[in-house]
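Per-entry structural report
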Amino acid sequence: MLAVLCVGAGPGPALSLPARHVKPPRPPVVGQRVEVPAARAATLAALQTAKRDGDAATARRIERGLGWNTPPTRTPADIVTETVIRPERSQDAEKWGGDVRINQPVWPSSYPALACRSDGTFYAVVDDLTGNYLDLYRSYDGGETWSYWISLYNPLGDLMLPTAAIGEGVHDRLLIAYDALREGATTQVVVHWIDLDDASSGTALVADVPSGTFSAPKICVDSPEHTVWYAYLSFAMGPPTGESYEVLVSRSLDYGESWVTPALLGVSLGDLYAHAIDFGAAGLYSACAPLAGSAGIQVRRSTDFGGTWAPPTDLGHPSLVEMDPSVAVSNFGSTAVVSYIMDYGGGNTDIEAFVTTDAGQTWALSYLPYTTEIEFLPNLTVDPLTGTIHAVYTRGYS
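A few points about unusual backbone geometry
The step from Ser223 to Pro224 runs through a cis peptide bond, and the omega angle for that step is 15 degrees. By the element assignment, Pro224 lies in the loop between β12 (218–221) and β13 (231–237). With phi around 50 degrees, Leu161 is a residue other than glycine that occupies positive phi space. Here Leu161 shows up in strand β8 (residues 159–167).

Details of the packing of aromatic side chains
In the structure shown here, the tally under the stated rule is 10 aromatic pairs. With a centroid separation of 5.7 Å and an interplanar angle of 80 degrees, the aromatic rings of Tyr230 and Phe305 are classed as edge-to-face. Of this pair, Tyr230 sits in the loop between β12 and β13 while Phe305 sits in the loop between β18 (297–302) and β19 (313–315), placing them 75 residues apart in sequence. Assigned by exposure class, Tyr230 and Phe305 land together as buried.

Some points on the side chain of Glu63
Structurally, Glu63 is set in helix α2 (residues 56–65). On the basis of relative accessible area, Glu63 is assigned to the buried category, the value being 1%. The contacts of Glu63, once residues within four sequence positions are left out, are Leu47, Trp68, Tyr230 and Leu253.

Description of α2
Among the residues of α2, Ala59, Ile62 and Glu63 are the ones counted as buried. For α2, the buried positions fall inside an angular range of 105 degrees around the axis, keeping them on one side. The exposed set on the far side of α2, more than 90 degrees from its buried face, consists of Ala57, Arg64 and Gly65. Buried residues along α2 sit in contact with α1 (38–53). Just downstream of α2 lies Gly67, where phi reads positive at about 80 degrees.

Digging into the side chain of Lys51
Position of Lys51 among the secondary structure elements: in helix α1. Judged by its relative accessible area of 0%, Lys51 falls in the buried class. Side chain to side chain, Lys51 and Asp222 meet in a polar contact 3.0 Å long. Residues in contact with Lys51, not counting those within four places in the same chain, are Ala59, Asp222, His226, Thr227, Val228, Trp229, Tyr230 and Phe305.

Brief notes about the packing of α1 against α2
Two elements in contact, α1 and α2, have axes separated by 8 Å at closest approach and are oriented at 155 degrees. As far as their axial angle goes, α2 and α1 are roughly antiparallel. Handedness of the crossing formed by α1 with α2: left-handed. Taken together, the residues of α2 that come into contact with α1 (itself represented by Thr43, Ala46, Leu47, Ala50 and Lys51) are Thr58, Ala59, Ile62 and Glu63. Grouping the constituent residues of the contact of α1 with α2 by class yields 5 nonpolar, 2 polar and 2 charged.

Regarding the pattern of salt bridges
Applying the stated criterion across every chain, the model contains 9 salt bridges. Ionic pairing is found between Asp222 and Lys51, a salt bridge with its closest N-O pair at 3.0 Å. Placement of the pair is Asp222 in the loop between β12 and β13 and Lys51 in helix α1, with a sequence separation of 171 residues. Each of the two residues, Asp222 as well as Lys51, counts as buried. The shortest N-O distance in the salt bridge between Arg173 and Glu257 comes to 2.9 Å. In this pair, Arg173 is assigned in strand β9 (residues 173–180) and Glu257 in the loop between β14 (245–252) and β15 (263–269), connecting sequence segments 84 residues apart. By relative accessible area, which is 3% here, Arg173 ends up buried. When salt bridges with common partners are traced through the structure, they connect Arg117, Glu168, Asp172 and Asp197 into a single cluster.

Remarks on a nonpolar patch on the surface
Taken together, Tyr111, Leu129 and Tyr273 make up a surface patch of nonpolar side chains, about 290 Å² in accessible area. One can find Leu129 in the loop between β5 (122–128) and β6 (133–139).

Structural notes on the confidence of the model for the protein
Within the protein, residue pLDDT values average 82, and 80% of them lie at 70 or more. Per-residue pLDDT, averaged within each element of the protein, yields its smallest value for strand β1 (residues 2–7) (44) and its largest for β12 (96). Within the model, pLDDT remains below 50 along residues 1–20, and this stretch shows 63 contacts once partners closer than five positions in the same chain are excluded.

Each value, and the rule that gives it
Residues numbered from 1 in each chain as written. Predicted model: local features only at pLDDT ≥ 70, side-chain atom pairs only at ≥ 80, totals over all residues. Heavy atoms only, no water. Helix = DSSP H or I, 4+ residues; strand = E, 2+ residues; numbered from the N terminus. Phe/Tyr/Trp six-rings, centres within 6.5 Å; stacked < 30°, edge-to-face > 60°. Buried < 20%, exposed > 50% of the residue type's maximum accessible area, 1.4 Å probe, protein only. Contact = heavy atoms within 4.5 Å. Arc of directions from axis to C-beta. Polar contact = N/O pair within 3.5 Å; in protein donor to acceptor, adjacent residues only side chain to side chain. Axes fitted to C-alpha atoms, helices over the stretch in contact; angles between N-to-C directions. Parallel < 35°, antiparallel > 145°, perpendicular 65-115°, else oblique. Left-handed = near helix turned anticlockwise from the far one by under 90°. Nonpolar A, V, L, I, M, F, W, Y, C, P; charged D, E, K, R; others polar. Salt bridge = Lys/Arg side-chain N within 4 Å of Asp/Glu carboxyl O. Patch = residues over 30% accessible without salt bridge, like charges linked within 9 Å, V, L, I, M, F, W, Y side chains within 5 Å. Areas by Shrake-Rupley, 256 points an atom, 1.4 Å probe, with all protein chains shown as cover. pLDDT = per-residue confidence, 0-100.

So this is what it looks like as structure tokens:
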């Protein structure tokens, strides 16, 4: 079953149900911070104002002053993704009752990604497990019914592990990041963008990584906070059979059309998916679960739109195993939440979280509701209208 929790400044207390252990309180964790020189802080404040007010010309001038030049769009011939409509896909709205089934029933699909526009339109991206397609579906009624829209296709190799975000402002665009051509000479981390107003689209190469590498990208944008918005991408680099993955981050200053050279965060993960990224009023946050033996979950914060990062703050418990972090940053105030799986051993896992309400200066432990069943697969998101942070996770195997 799924457990859903809605929180304002952070997750609430645990349910008053029998638990397998007593969870003692722990003192707050002091966050790592970097002092920004006054002149640079003033420049960044001016950039934030220009981005918020939609003044693209001033934003570009300040970016150049910071040395943030927009790189050329990298679109090698082997990554130019075709946008196609598959005639075998019904475009009629489908609803199967109860749980809403998005994809057509005769095509095996997995690795779904979901994004929502401010007008309430939902977009779902799913991996067709039988071909080189990512299929896109839309819902105009809050997810009650879904219809097939288009597919992304590359005849040279598979498209896998999609993630999606929507930026709205100067341009309203759906961004889809994914692994591509893993069977080729290199695996490619790719972003495909679709303009939701004029239907234009394009494909950009973020990085080439060694053949056979898994990257599992995660994408976010700094919209709705800013009208001139940036996009941010994190991904893990390592072999599918390996036990150590490095986390890299990149950003786009031109609405997904080009991406700066990825920077290594220097984190060794024991799990391909053990990284997350999100932007909010308090800045850009990255959360990672390092290799076993490291101190808990690590969170980093950038106050200059991904240009630089503060040293990591270690959360969690150094002698226990934490996995699958998720991060959400409210678009109001200074609140951010990092949730993760805490493994107490013996098949006993719960969802725990650290909450900051002061932009990462301190982090307080909070236990999400737990029972005697296992809890796993946490995910967080933010309601952009209220800044409320919502948590969803799985309880039990049934």
